[in-house]
Number of protein chains: 2
Amino acid sequence: MANNEYEQRRQAVAEGLAGRKLDALLVSFSPNLRYLSGFTGSSGALLILPGKSILLTDPRYQIQAPQESTCQVRIVKGPLVIGLLAAVKKLGVKRIGYEPARMTCDFFDAVKSQLSLRASLEPVHGWIEELRMVKSADELELIRRSVDTNSRAFEQTIARIKPGIKEQDLAAELEYRMRRLGAEKPAFETIVATGVRSALPHAQPTGARLTAGDLVVVDMGAFQGGYASDMTRMLSVGPPNAKVKRMYRAVLEAQLAAIDAVRAGAKTARIDSAARKVLKGHGLDKVFIHSTGHGLGLEIHEPPRLGKHDKARLRAGMAITIEPGAYVEGFGGVRIEDTVIVTEKGCEILTPTSKDLYIV
Amino acid sequence: MANNEYEQRRQAVAEGLAGRKLDALLVSFSPNLRYLSGFTGSSGALLILPGKSILLTDPRYQIQAPQESTCQVRIVKGPLVIGLLAAVKKLGVKRIGYEPARMTCDFFDAVKSQLSLRASLEPVHGWIEELRMVKSADELELIRRSVDTNSRAFEQTIARIKPGIKEQDLAAELEYRMRRLGAEKPAFETIVATGVRSALPHAQPTGARLTAGDLVVVDMGAFQGGYASDMTRMLSVGPPNAKVKRMYRAVLEAQLAAIDAVRAGAKTARIDSAARKVLKGHGLDKVFIHSTGHGLGLEIHEPPRLGKHDKARLRAGMAITIEPGAYVEGFGGVRIEDTVIVTEKGCEILTPTSKDLYIV
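Residues numbered from 1 in each chain as written. Chains lettered and ligands numbered in written order. Predicted model: local features only at pLDDT ≥ 70, side-chain atom pairs only at ≥ 80, totals over all residues. Heavy atoms only, no water.

> Quick one: what's the story with the interface of chain A and chain B, residue by residue and with numbers?
Contacts between the two partners involve 39 residues from chain A, matched on the other side by 39 residues from chain B. Where chain A abuts chain B, roughly 3,600 Å² becomes buried across the two surfaces, and 54% of that area is made up of carbon and sulfur atoms. Asp169(A) is paired through a salt bridge with Arg180(B); the nearest N and O atoms lie 3.3 Å apart. Between the two partners, chain A and chain B, sit 24 residue pairs in polar contact (both at pLDDT 80 or more). The set of elements that each furnish at least two residues to the side of chain A that touches chain B consists of α3 (64-68), α5 (105-114) and α8 (167-180) of chain A. Looking at the side of chain A that touches chain B element by element, the count peaks at nine residues for α8(A). (Contact = heavy atoms within 4.5 Å. Buried area = accessible area lost by both parts, 1.4 Å probe. Salt bridge = Lys/Arg side-chain N within 4 Å of Asp/Glu carboxyl O. Polar contact = N/O pair within 3.5 Å; in protein donor to acceptor, adjacent residues only side chain to side chain. Helix = DSSP H or I, 4+ residues; strand = E, 2+ residues; numbered from the N terminus.)

Below is the structure:
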C-alpha cells in the first residue's frame, strides 16, 4: 500500500472529528491501527488529531515502526497507557473518541482514571470498520492476490493427495503451499474434516484419515500482504453416493442463488434468504446453522455480515464470502464458499477454483 | 486432558466464589474458557456457579461443544449476551464476577445495561491467569511435547537448508515440519530475519535471501494439544566474523546466567537482572530492549513476565521462556531462547536443541 493511502485515511478521520464533536480519535485495535497507519506490530496505539497523528508503541518496534508508518512515532517504555496519557496531556485534547467494541474494560479504566477532569472519553462505534468495508483499488488487488494464492495452494495440493492421508497432514500441506506461494500465514486454522466430522462447521483437523466413502470439507484462507482470502471446497473419497450428491447439488444451488443476489444496494439479509430459500426447497434449511457470509479484508471476519437479520446494504467494492452449508449430525456436512467483490450490477467472483465435488 | 481435570478447576473456582463475595464467575476469554471447560471454539461464555457450570456458545458449535466439555451446554442463536442474560436471570445470581482485562467495553455495557437492578458485575483481576501460571502434570506433558515438536522441526529443517533461501521460505519449511510432527499451528508468526533485519526483535519474514556473512535469527513456537512452545536460535551464513562471535558469546553467557538464577521463590526481576548484568559487562545492556522472558501455556505470552520491574516470585511448575537478546541497528541482533520449567532447586530446560551458532 502506498504511504499516501494511509495518510488519506487519517486525513478522512481527522476531517470527521469535528462532526463527531471530538478533538482526537484513539485507536489500539490492530487491524484498525494497521489500516490507518501501516504499522503491523502486535501492540500500539494511534492518536489522530487534525493535522497530526501519533503512533505509540514499545521498544521492540523502535526500528520497525518508523519504517512502516509516516506517523510521528513515540516509543514508550512500560505501559502504553502511561505514554498515551502523557501525549494527551501535552496535546491538550479534551474529547477523545475510543472504540468500545475493541478496548478492554481495564484499558478504558486505566485511561479514564488518569485523564484530567476537563478531558473525557467518548464512545465511537464502528467508524473505522465502516471505512474498511469498501475496499480501495490497492486493497482489492491485495485480496485478489490472496485469493489466488489460496486457490493455487488448494489445487496444487489436491492434485497430489491420496486416500489415507490424515486430516492434519492435508492441512499442513495446504498451509505449506500457501506460504510457498507468498502468504504470510493461514487466515484461520485450516479446516479439514472427514466423514461424520464434516458436520462440524468449525472442526479442527485431527489424526483421522481420509477413508473410502468419506465426504471431506476443506475450508482454507490465506493472509497475504495483510489481506485475507477464504474458500471452502468439498472432496469425496471415492465416488459419492446418491445422498451425498443430492446434498452437494442442493448446497451448490443455494450458493449460486446467493451469488446471483449480490449487487450494490441489495440488503445483506436478502443474500442470506436467497440461499436459505433454496435449501428449504431441499428440506435442508434447518441444518444450515450459520449465516451466508461475511466481509473480509485485514480481518478474516469483518462487516458486513450476511445473516438472516442483517440490515446493511451491500456497496460496490465490498469483499465478501458466500458460503451456505448443510450439516447433518452423524452423516456429514457440505459447505461451498467463494470470495467475491460486490459491483454495481452484481459481483465479481474472485475464487477461480472449480466448484465440482473433487474425487480423491 | 482428562475431563476431571477441567471439573477440578471449575470446582476450585466455585469454591473460591464465596471468599470473593461472588455468586458466579463469567469467563469469555478463549484461553481461560478452554482452561476451565475444555471447549476450543472461537466464541463462547462460561458461567461458573457453586455446583453448576453453564457453557454458552453459538449453533456452529452445537455438536462440538458437548463433545469437548462436560459443562451444561446452551446453544444461543443471535448475540451471546442475550443468552447470557437469560441464564443469569433464570439462575437468580446477583453478584457476577467478570474479567475486565479480557472483556470489551461494549460487552460489559451490553450485560450491565440489561441486568436487573439487584444484580451487579464485579471486577475480577487475574484470578484464572493466576491458576494457569502453575501447570499440572498433564499440562507440563503437553508443553514438553510441543517443545519437542518445535525443536525437531527446527533441527530437521536446518539440516537441509542452503544459503540463498528466502526468509519466507525458511519460515514456511519450519512451520510445515512443525505441523507434520503434530502441531496444530505455529504459536506465533515464525520469525526468520537475516542480516540487518535480525536487529528487529519482531521481524516478519520477507523475500530477502540468506546471504554469505548474514546473521539470522529464527524464533519459532508451536501450539500442540493447545499448549505453546517457544525457542530462538541463531544461524550464521558462512563463518561468523569476530564481532558476531563476541556478541553471540555475550548473549549466550547472559542466557545461561538467567537460567542459573531460575528457582522456585526467586523474584522474576532477579532473573532479568541476571541476564542484564552480564550484557552490561559486555557493553550491550542498552541494546537489550525487551524483558528476559514470559510464561507460556494456553497462550504464547502469559504471566509471569520476567522484566526489570516484575515483582512476582517464581513457583515450581511454571513454564517460562529465557530469552535475552542484543539488537544493533544497521548491524544485526542476537537472541537465544529456551523454554524451561521452574523446579524447587532450579529449573528443567525443556528445549533439547544445541545452543551453538548454526553455520549454514
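> For the side chain of Arg132(A), give the residues involved together with the corresponding values.
Residues and elements named next belong to chain A. In this structure, Arg132 sits in helix α6 (residues 127-133). Given the relative accessible area of 2%, Arg132 is considered buried. Those residues in contact with Arg132 that lie beyond four places of it in its chain are Phe29, Pro31, Asn32, Tyr35, Leu298, Glu299 and Glu302. (Buried < 20%, exposed > 50% of the residue type's maximum accessible area, 1.4 Å probe, protein only.)

> Tell me about the pattern of salt bridges, residues and numbers included.
Applying the stated criterion across every chain, the model contains 48 salt bridges over all chains. Across the pair Asp58(A) and Arg60(A) runs a salt bridge whose closest N-O atoms are separated by 3.0 Å. Note on Asp58(A): relative accessible area 12%, which makes it buried. The partner of Lys185(B) in a salt bridge is Glu189(A), with the nearest N and O atoms 3.1 Å apart. Taken together, the residues span two chains, with Lys185(B) in strand β7 (residues 185-186) and Glu189(A) in the loop between β7 (185-186) and β8 (191-194). Residue classification places Lys185(B) among the partly exposed positions, given a relative accessible area of 30%. Overall, Glu189(A) belongs to the partly exposed group, its relative accessible area being 28%. Sharing partners across several salt bridges, the network here consists of Arg102(A), Glu129(A), Arg132(A), Lys135(A), Glu299(A) and Glu302(A).

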